[in-house]
Amino acid sequence: MGNVNCGCPSYVDTSADREHQLIADWQDNKNQPIEKEQAPGCAEFHIEQEELVGDMAGFPAAQSMTSAETAGGSSWMMDEKDKSLIEAAKKKWEEESAIRIKIERQEAWRSDLESARTTMREEQMHCNRPANRYGTDAQLPVFERGRHVPFLGLLNQLSGAMAGLDILSVCKQNDYYRDRCFNIIDVIKGQRRGGLLDVFRIELCLAKEEALALGTRPRLVSGGGDGTGSFALFIVFLALKADDERPDEGLQDTGNGFIWTDEEMAASFPAIAQMPLGSANDFANILGWGQKYPGDKKVACGQPIRYSAMMLHRWWAAVIDPASKISNFDIWGIMPTKGNESCDFKLAELTGKRGTCPNEKIDGQKMLQLKEAGRPVPFFVCLYFSAGFGAYMTARFQLNRHKTPITNRCEYIRQAMAIIAESTPPQLQLRLNGVEIDCEGKPYFPPRRERGTRGRGYREVGFYNINWQAHAMHGANRAPLPARLCSSREPVMFNDGMVDMFRWKFKSLAKNPGMRVQTDKKRDMLLKYSGKKGQGVFFQWDGEARFAFSPTGDEFHIFIRKVMTVPVVLGPYHDKRLTGNVIDGQPVEFGFFGDSDEEKEKVRRRVLQSVRGELDSELNATREEIGAGSFILAEPG
């Protein structure tokens with residue numbers, strides 16, 4: 001083939017620079033088209049970038065390209081070698097572009113991570129904020145790498161009358177703590193790429209490697225009320241969730257939907273230590289971490305600030321001390337009933353004005369007002385579950401939450417007294433009418449159901465996983481009256497693979513006697529609700545309340561079984577009289593639970609559904625579904 005003498009790029013077969021020339025010409029032309037004026041004598045010879053990256057080699061939409069007669073009368077055709085060279089140049093350019101984009105994306109991610117870290121370390125300014133209750137120079141135990149157990153913290157800064165904020169501020173003044181202690185709300189808000197969730201994930205993986213070097217597992221301080229424990233679990237799973245679009249950023253799927261293998265999860269899932277920053281603090285109390293936040297001024301009895309700082313120092317010292325014992329802890333979960341892939345009920349939240357009664361009076365009756373339920377969406381049940389009086393009281397309390405634990409306890413009492421004095425709203429049945437519970441496939445509630453007993457005689461039914469509720473209620477195995485009065489009974493244990501079912505009415509307080517409720521150990525619980533359209537039932541789990549109903553008025557079910565075992569750290573105030581012997585010699589490890597591999601797999605899928613947000617649409621009712629259920633729907637806002 002001869003020279004093309006038409007003002008177009010000149011290709012000579014015998015030139016040693018043929019390949020370089022083709023590549024250079026293609027790269028020059030990929031952004032700048034060759035206009036017809038640039039090639040006089042060449043008819044319709046026009047190259048665009050889109051054509052270069054098209055299905056063929058890149059020249060005008062043709063598998064062979066022939067020019068019109070040139071001014072000199074000669075013609076030419078691109079041969080296969082020309083096409084292959086251009087194709088190679090195109091491929092090389094695309095690969096280099098992909099690498100460049102990848103590098104730029106990685107650099108942007110690292111920049112965002114550093115920005116998130118900087119914001120996390122900075123002291124937040126709050127208007128009218130009182131002085132830090134621990135002082136301005138409080139010191140935490142110096143973390144000695146290679147000796148102390150690596151940890152992370154997820155603390156709610158609004159809990160404990162803002163004690164959480166003060167503790168986070170102290171953490172920011174101390175090395176190691178400032179990079180490992182997170183505001184739990186900021187983490188859940190920072191789920192964007194390069195946000196605080198990514199920082200938490202990186203630190204969690206670092207803590208895992210540090211702990212492995214010590215032959216142990218990392219620890220996780222969950223600071224807040226009783227619901228914070230399950231919230232912290234959710235965040236750990238969220239951080240460990242794999243992302244197929246980000247394998248180069250440490251999010252490659254190991255085959256189970258997570259970035260850690262099953263073996264890594266078993267050996268390195270963090271052990272939870274609960275910091276008491278709520279009102280009741282049942283979780284922290286039963287694990288031995290106290291019923292009040294470290295250095296609480298009421299506990300300190302007027303001691304100076306340095307006493308509070310000293311108590312905070314001691315609390316953290318126990319967390320990182322390798323001598324602190326760890327134990328297995330059963331986690332229960334709301335699962336679809338057997339043979340189903342989703343639950344058959346919907347959830348809403350009670351709403352209304354703050355005060356003694358939030359219900360709206362319509363046609364002479366006090367009516368429940370409902371709104372779309374927010375997060376958390378119920379799945380993990382760590383502490384207890386119940387339906388009835390206590391759940392309705394908790395739903396009303398959530399509308400009247402106060403800033404201090406003591407005023408919150410008073411609010412619970414106020415709402416309880418109001419419920420007793422009021423008539424039952426038409427959206428609820430009298431007491432526990434319509435509720436039936438089976439355990440292990442056998443009838444449990446109402447007792448003597450075969451004789452026609454109904455739930456109206458009882459105020460509440462549910463189970464304990466820990467031997468402490470509302471800083472008042474405990475449980476022990478059912479026994480005759482002499483044994484209840486004169487002998488010790490096995491308490492509720494949090495790692496025996498059993499829920500401790502209870503049912504009570506006001507007379508039970510005299511029959512027990514006292515606040516030690518009679519319980520029955522069971523492996524699962526199936527609650528069935530039957531009522532008219534426009535009726536439902538309140539339930540609470542770990543101190544959070546929701547209203548369950550069927551939009552069509554059909555019977556619905558709430559099935560709860562054990563879903564996993566997690567490790568927990570026992571604190572210096574752990575009391576065997578409350579927990580039983582939880583250090584039972586069994587290996588302490590994380591694991592999904594089920595009677596078969598299939599049942600374990602269902603739990604794993606459910607966890608992934610939860611962290612992906614798929615349970616939101618499954619369980620939370622829309623405004624249309626609330627309206628279809630014939631309930632009073634509150635206006636948004």
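Figured I'd write up the structure that's included with this text. (Residues numbered from 1 in each chain as written. Predicted model: local features only at pLDDT ≥ 70, side-chain atom pairs only at ≥ 80, totals over all residues. Heavy atoms only, no water.)

1. A short note on the environment of Thr 136
Next up, step 1: Tracing the sequence through the fold places Thr 136 in the loop between helix H3 (80–121) and strand S1 (151–155).
Next up, step 2: Taking relative accessible area as the criterion, Thr 136 reaches 71% and is therefore assigned exposed.
Next up, step 3: Residues Thr 136 and Ser 169, spaced 33 residues apart in sequence, show a C-alpha to C-alpha distance of 9.1 Å. (Helix = DSSP H or I, 4+ residues; strand = E, 2+ residues; numbered from the N terminus. Buried < 20%, exposed > 50% of the residue type's maximum accessible area, 1.4 Å probe, protein only.)

2. Quick look at the side chain of Asp 166
Next up, step 1: Tracing the backbone shows Asp 166 in helix H4 (residues 159–172).
Next up, step 2: A polar contact of 2.6 Å, which involves the side chain of Asp 166, links it to the side chain of Arg 133.
Next up, step 3: Residues within four places of Asp 166 in sequence aside, it is in contact with Arg 129, Asn 132, Arg 133 and Tyr 134. (Polar contact = N/O pair within 3.5 Å; in protein donor to acceptor, adjacent residues only side chain to side chain. Contact = heavy atoms within 4.5 Å.)

3. Comments concerning the packing of helix H13 (residues 389–397) against helix H14 (residues 405–421)
Next up, step 1: At a minimum axis separation of 9 Å, H13 and H14 run at an interaxial angle of 120°. With respect to their mutual orientation, H13 and H14 come out oblique. Both H13 and H14 take part in a crossing whose hand is right-handed. Of H14, the residues touching H13 (which contributes Phe 389, Tyr 392, Met 393, Thr 394, Arg 396 and Phe 397) are Asn 408, Glu 411, Tyr 412, Gln 415, Ala 416, Ala 418, Ile 419 and Ile 420. (Axes fitted to C-alpha atoms, helices over the stretch in contact; angles between N-to-C directions. Parallel < 35°, antiparallel > 145°, perpendicular 65-115°, else oblique. Left-handed = near helix turned anticlockwise from the far one by under 90°.)

4. Remarks on the pairing of strand S13 (residues 442–445)
Next up, step 1: In terms of strand pairing, strand S12 (residues 435–439) meets S13 through 3 bridges, oriented antiparallel. If you follow Ile 437 over to S13, its bridge partner there is Phe 445.
Next up, step 2: Here S12 folds back onto S13, and the loop between the two strands holds 2 residues, one of which, Glu 440, carries a positive phi near 55°. (Pairing = 2+ DSSP bridges.)

5. Concerning helix H18 (residues 597–611)
Next up, step 1: Helix length check: H18, at 15 residues, gives a terminal C-alpha distance of 21 Å against a target of 21 Å (1.5 Å per residue), a fit within 8%.
Next up, step 2: Along H18, the residues that are buried comprise Val 603, Arg 604, Arg 606, Val 607, Leu 608, Ser 610 and Val 611.
Next up, step 3: Those residues of H18 that are buried are in contact with helix H8 (228–240), strand S5 (326–335), strand S10 (380–381), strand S21 (556–569), strand S22 (591–592) and helix H19 (614–619).
Next up, step 4: The first or second residue beyond H18 is Gly 613, which carries a positive phi of 85°. (Expected span 1.5 Å × (residues − 1).)

6. Overview of the packing of H8 against H18
Next up, step 1: Between H8 and H18, the shortest axis-to-axis distance is 9 Å and the interhelical angle comes to 90°. By the criterion of interaxial angle, the relationship of H8 to H18 is roughly perpendicular. Residues Phe 234, Phe 237 and Leu 238 of H8 touch H18, and the partners they reach there are Val 607, Ser 610 and Val 611.
Next up, step 2: In terms of residue class, the contact of H8 with H18 is built from 5 nonpolar, 1 polar and no charged. (Nonpolar A, V, L, I, M, F, W, Y, C, P; charged D, E, K, R; others polar.)

7. A word on unusual backbone geometry
Next up, step 1: Along the chain, Arg 375 connects to Pro 376 via a cis peptide bond; the corresponding omega equals 5°.
Next up, step 2: If you trace the backbone, Pro 376 turns up in the loop between strand S9 (369–372) and S10.
Next up, step 3: At the junction of Phe 445 and Pro 446, the peptide bond is cis and its omega measures out at -10° in the coordinates.
Next up, step 4: Relative to the helices and strands, Pro 446 is located in the loop between S13 and strand S14 (460–464).
Next up, step 5: A positive phi angle is found at Arg 448, which is not glycine, with a value near 55°.
Next up, step 6: Considering the arrangement of structural elements, one finds Arg 448 in the loop between S13 and S14.
Next up, step 7: The residue Asp 542 is not glycine, and still its phi comes out positive at about 55°.
Next up, step 8: Positionally, Asp 542 belongs in the loop between strand S19 (536–541) and strand S20 (544–549).

8. Quick word on the pattern of salt bridges
Next up, step 1: Inspection of the entire model under this criterion finds 39 salt bridges.
Next up, step 2: When the shortest N-O distance is used, the salt bridge between Asp 179 and Arg 121 registers 2.7 Å. Here the residue Asp 179 occupies a position in helix H5 (residues 177–180), and Arg 121 occupies one in helix H3, the gap between them amounting to 58 residues.
Next up, step 3: Judged by its relative accessible area of 24%, Asp 179 falls in the partly exposed class.
Next up, step 4: Linked by salt bridges that have partners in common, Arg 117, Arg 145, Arg 180, Glu 203 and Glu 210 make up one network. (Salt bridge = Lys/Arg side-chain N within 4 Å of Asp/Glu carboxyl O.)

9. Let's talk about the nonpolar core
Next up, step 1: Core analysis: the largest hydrophobic core is formed by 150 residues, its most contacted members being Phe 237, Trp 316 and Phe 329.
Next up, step 2: Excluding anything up to four places from it in sequence, Phe 237 contacts Phe 258, Met 265, Phe 269, Phe 380, Met 564, Phe 590, Phe 592, Val 607 and Val 611. (Core = buried A, V, L, I, M, F, W, Y, C linked by side-chain atoms within 4.5 Å.)

10. A few points about the sheet that holds S19
Next up, step 1: Ordered by their spatial adjacency, 10 strands build an open sheet running S15-S17-S16-S14-S11-S19-S20-S6-S9-S23, and the pairing between neighbours is mixed. At either end of the open sheet lies a strand with only one pairing partner, and these are strand S15 (474–477) and strand S23 (632–633).
Next up, step 2: As defined by bridge partners, S9 adjoins S23 across 2 bridges and the pair is classed as parallel. From the neighbouring strand, Leu 370 faces S23, where its bridge partner is Leu 633.
Next up, step 3: Along the sheet, H13 makes contact with strand S6 (346–351), strand S11 (384–388), S14, strand S16 (499–504), S19 and S20, crossing S11 at roughly 95°.

11. Observations regarding a nonpolar patch on the surface
Next up, step 1: Together, Ile 413, Met 417, Ile 420, Phe 506, Leu 509 and Met 515 make up an exposed nonpolar region whose accessible area comes to about 540 Å².
Next up, step 2: Tallying contributions element by element places H14 first for the nonpolar patch, with 3 residues.
Next up, step 3: Inspection of the secondary structure puts Met 417 in helix H14. (Patch = residues over 30% accessible without salt bridge, like charges linked within 9 Å, V, L, I, M, F, W, Y side chains within 5 Å. Areas by Shrake-Rupley, 256 points an atom, 1.4 Å probe, with all protein chains shown as cover.)

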